[in-house]
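# Topology and contacts: notes
Below are the chains, spelled out letter by letter.
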Amino acid sequence: IPATLLGAFVGSYYIEFIWHIPGTGGLLITALQNVASLCYDIDMKCKKISFYDNFKCLGSDCVDTCCKGWIIPLNDDDLSLYHSQKGLLLMRLLLAEGKQNGISCLNKNSGVCSFLDKDRLCSLQRKYGEGFLCNTCRTYPRNLTNFGEFLLLSLDLSCPEVSRLFVENIANINYINSDSDIDIPLSVTNDDSLFLKRLIAHEEAITSFINNSNLLL
């Protein structure tokens, strides 16, 4: 597949982007380091990537689908909901469920999800609503990370639409300060404030590099 490879090394981070030309298997940008997690101030309660609210799932119009090729982890709330179902639905959910490294999951064989319908949409969501989706499917490609001192809202570059938004906004990548009432568990175990300050310094350098470089993908 024709592609242009761009690598950037800033501080202790190496970032690699691969652009797959549309029509040759889809558009995809991959990141060894999640570039959507670039810059934030630990004094703020919440930082949100500048194009976070612009994201909207394209559904069946997407050049790819997130309903295949990966194992979908389930949390306790997901399992409680799914195991409370009855009849054919319960049977289908149990058949789709499995274990990976001791973690419960859907799409255990990482092929095409059995709930993906002929229109390339999730049959569970279409019939039972978004609230019936497991946490992974409901939030992807959004990343909500609780660092203890701040909450980071970012987007995963493995999603083609997020990749498009990233390229479209590449000259002005920044985070918006805001308050948030989102309540999620602590995402990290490292409470070393010096580590966080160094992390911020490195990521600010990456932000500056991206915003001040002529990145032609």
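Shown above is the structure to which this text applies.
Residues numbered from 1 in each chain as written. Predicted model: local features only at pLDDT ≥ 70, side-chain atom pairs only at ≥ 80, totals over all residues. Heavy atoms only, no water.

In this section: the pattern of salt bridges. Side chains that carry opposite charge are capable of pairing whenever their charged atoms lie near each other. Counting across every chain of the model gives six salt bridges. Residue K118 is joined to D119 by a salt bridge in which the shortest nitrogen-to-oxygen separation is 3.6 Å. For D119, a relative accessible area of 33% gives the class partly exposed. Through salt bridges with shared partners, a single network forms among D117, K118, D119 and R126. (Salt bridge = Lys/Arg side-chain N within 4 Å of Asp/Glu carboxyl O. Buried < 20%, exposed > 50% of the residue type's maximum accessible area, 1.4 Å probe, protein only.)

Reading across from one edge, 4-6-5 is the order of the three strands in this open sheet, with antiparallel pairing throughout. Looking at strand neighbours, the two that pair on one side only are strand 4 (72-73) and strand 5 (98-100), the edges of this open sheet. (Pairing = 2+ DSSP bridges. Helix = DSSP H or I, 4+ residues; strand = E, 2+ residues; numbered from the N terminus.)

This paragraph deals with the nonpolar core. Counting 22 residues, the largest nonpolar core has I49, F51, L155, V162 and F166 as the members making the most contacts within it. At four residues, strand 8 (residues 151-155) tops the list of elements feeding residues into this core. If you look at the next biggest cluster of nonpolar residues, it comprises 15 residues, including L79, C122, L124 and L133. (Core = buried A, V, L, I, M, F, W, Y, C linked by side-chain atoms within 4.5 Å.)

Turning to the packing of aromatic side chains, a few remarks are in order. In this description, a pair of aromatic rings is defined by centroid distance and the angle of the planes. Using the criterion set out here, one finds three aromatic pairs in the structure. Here the aromatic rings of Y82 and F132 are separated by 5.2 Å at their centres, their planes lie at 45 degrees, and the arrangement is tilted. Highlighted residues: Y82 in helix 1 (residues 76-83) and F132 in the loop between helix 3 (123-128) and helix 4 (135-139), separated in sequence by 50 residues. Residue class for F132 comes out buried when judged on its relative accessible area of 8%. Relative to F132, the ring of Y128 has its centre 4.9 Å away and its plane inclined at 35 degrees; by these criteria the two rings are tilted. Through a chain of ring-to-ring contacts, the aromatic side chains of Y82, Y128 and F132 assemble into a single cluster. (Phe/Tyr/Trp six-rings, centres within 6.5 Å; stacked < 30°, edge-to-face > 60°.)

Looking at the element boundaries, Q85 is found in the loop between helix 1 and helix 2 (87-96). Of note is the side chain of Q85, whose polar atom sits 2.9 Å from the backbone oxygen of L81. Here Q85 is in contact with L90, L93 and F132, once residues within four sequence places are set aside. (Polar contact = N/O pair within 3.5 Å; in protein donor to acceptor, adjacent residues only side chain to side chain. Contact = heavy atoms within 4.5 Å.)

On to the environment of R92, then. Mapped onto the fold, R92 is located in helix 2. As a C-alpha pair, R92 and F115 span 23 residues in sequence and 8.8 Å in three-dimensional space. With sequence-adjacent residues up to four places away left out, R92 is seen in contact with S114, F115 and S123. Only 3.1 Å separates the side chain of R92 from the backbone oxygen of S114, close enough to count as a polar contact.

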